[in-house]
Amino acid sequence: MPEPTHRFLRACLRLPTDRTPIWIMRQAGRYLPEYMATRKQAGDFLSLCKNPELATQVTMQPIDRFGLDAAILFSDILVVPEAMGMGLSFGTGEGPLLEPVINSASDLEKLHDPDPESELEYVMKTIRSIRRALDGRVPLIGFSGSPWTLATYMIEGGSSKTFSRIKGMMYDRPELLQALLDRLVAAVTNYLNAQIRHGVQAVQIFDTWGGVLGHDEFLRFSLESMRRIVAGLERIGPDGAKVPVILFAKGCGSHLEAMADSGCDVVGLDWTTDLARARVRVQGRVALQGNMDPAVLSASPERIRREAERVLTAYGPHPGHVFNLGHGITPDCTPDKVAGLVAAVQNFTFGSHAP
Ligand code: CP3
């Protein structure tokens, strides 16, 4: 199989690179004035996700502005529950709403098994359109939510602070929760395979809420579903290239060894995990992505540069590091801070020990 040339794909596969690649979770978003302008043109966030031409525009905005090393499909994890038949809306300020919530076997029966080529066709169109716009500049990352994280929204009806409904179901009716997770494993596997067929060159699974679980519950209700998805993915793209799989589970640094054994190529870490120790803990089984605290972007340019260099130095001059924040960029960030961060990472060298 030919080796990839893009440094992001090379780092995912633990091949040597000229420097550490960088992309940023939520790199296309509200902190960019050009994003706000395109969203206004689309009408609202969901209409933007469903408009391939405008979704392509917002995917390209941070690539054009900052010269990042990878692009990420502009969409949302919650389009999958919507394609399964749930009503989805984004209320201003209060986050996403999904209804009616799943609370019984009969609610589950009403869910549809989506065909990504029809119900999510707009995503496939967007992927093809972004690949044309990128024209080989940098690779395109596709994504999905993890079954556990999607289930939290489907059972809670939106964002939650306590996760009482889904945890109540997990402890009292684990078979019902497992039945929902099984449906989501199938839906997400089909969805990511369709993304790969239409041209994404890497995929990331977001387990935003894995960190609310205890160790045993994480292994059983979150990691196991992700492991089954990873096992079901077509890991070779239509162009014959390997498609790396990134597992990002927020607040899950203590389960790192188990995640590294899931079959993925890269584990994404948040800022609470010691990156230097993490590299030793995974023993070369996977590459690591992360892990600067997004809040550093509210500090001074000098401090941002020092913190970026601290992360790069913590991983050290070894292959297999993708620089990222430990979670998504926040809307209060300003573009000049991001430009400073990207420059700090792209100008950094390990002296004679190029990574
Ligand atoms: O990273 C990127 O640039 C790609 C686009 C992307 C979005 N959402 C766009 C978005 C990605 C990869 C996601 C994933 C996503 N969506 C996750 C997992 C990642 C994470 O942050 O942990 C989750 C949990 C969601 C669900 C979701 N979508 C929430 C909770 C919210 C509301 C919170 C918020 O930030 O307002 C969204 C909305 C959303 N998704 C926005 C964007 C740009 C903001 C919408 C807007 O008002 O314009």
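Placed above this text is the structure.
All of these numbers come straight from a predicted model, not from anything done at the bench.

**Quick word on the packing of aromatic side chains**
One pair of aromatic rings is described through two measures. These are the centre distance and the angle between the planes.
1) Next: For the structure on display, the rule yields seven aromatic pairs.
2) Next: Measuring from centroid to centroid gives 5.8 Å for Phe45 and Phe74, while their planes differ by 80°, and the two rings are edge-to-face. Here Phe74 lies in the loop between β1 (71-72) and α5 (79-83) and Phe45 lies in helix α3 (residues 45-49), a separation of 29 residues in the sequence. Take Phe45 and Phe74: they sit in the same class, and that class is buried.
3) Next: Relative to Phe248, the ring of Phe206 has its centre 6.1 Å away and its plane inclined at 75°; by these criteria the two rings are edge-to-face. Of this pair, Phe206 sits in strand β5 (residues 202-207) while Phe248 sits in strand β6 (residues 245-249), and the two are 42 residues apart along the sequence. Side by side, Phe206 and Phe248 carry an identical accessibility label, which is buried.

**Brief notes about helix α9 (residues 164-172)**
1) Next: Those residues of α9 lying buried are Ile166, Met169 and Met170. End-on, the buried residues of α9 take up no more than an arc of 100°, which puts them together on one face. Away from its buried face, by an angle of more than 90 degrees, α9 presents the exposed residues Tyr171 and Asp172.
2) Next: On its buried face, α9 is in contact with α8 (147-156), α10 (174-198) and α11 (215-232).

**With respect to the pairing of strand β9 (residues 321-325)**
1) Next: Most of β9 is tucked away: five of the five residues are buried.
2) Next: Where strand β8 (residues 287-292) and β9 come together, five bridges link them in parallel fashion. Note that in β9 the partner of Gln289 across the bridge is Val322.
3) Next: Viewed along the sheet, the connection from β8 through helix α14 (residues 301-315) into β9 turns out right-handed.

The rules behind these values
- All residue numbers refer to positions counted from 1 along the written sequence of the respective chain.
- pLDDT decides what is reported in this predicted model: residues at 70 or higher carry local features, side-chain atom pairs at 80 or more are listed and counted, and totals for whole chains, interfaces and linings draw on all residues regardless.
- Heavy atoms throughout the structure, all of them, feed into the side-chain values; hydrogens and water do not.
- Between rings of Phe, Tyr and Trp, where Trp is taken as its six-membered ring, a pair exists when centres lie within 6.5 Å; planes separated by under 30 degrees are stacked, by over 60 edge-to-face, and by other angles tilted.
- Numbered from the N terminus, helices here are DSSP runs of H or I no shorter than four residues, and strands are runs of E no shorter than two.
- Whether a residue is buried, partly exposed or exposed follows from its accessible area with a 1.4 Å probe, protein chains only, as a fraction of its type maximum: under 20%, in between, or over 50%, in that order.
- The reported arc concerns the directions from the helix axis to the C-beta atoms and nothing else.
- Contact criterion: two residues are considered in contact whenever any of their non-hydrogen atoms come within 4.5 Å of each other.
- The rule for pairing is simple: two strands pair if DSSP sees at least two bridges between them.
- Assignment of crossover handedness uses the view with strands pointing away from the viewer, where a clockwise path from the first strand over the helix to the second indicates a right-handed crossover.

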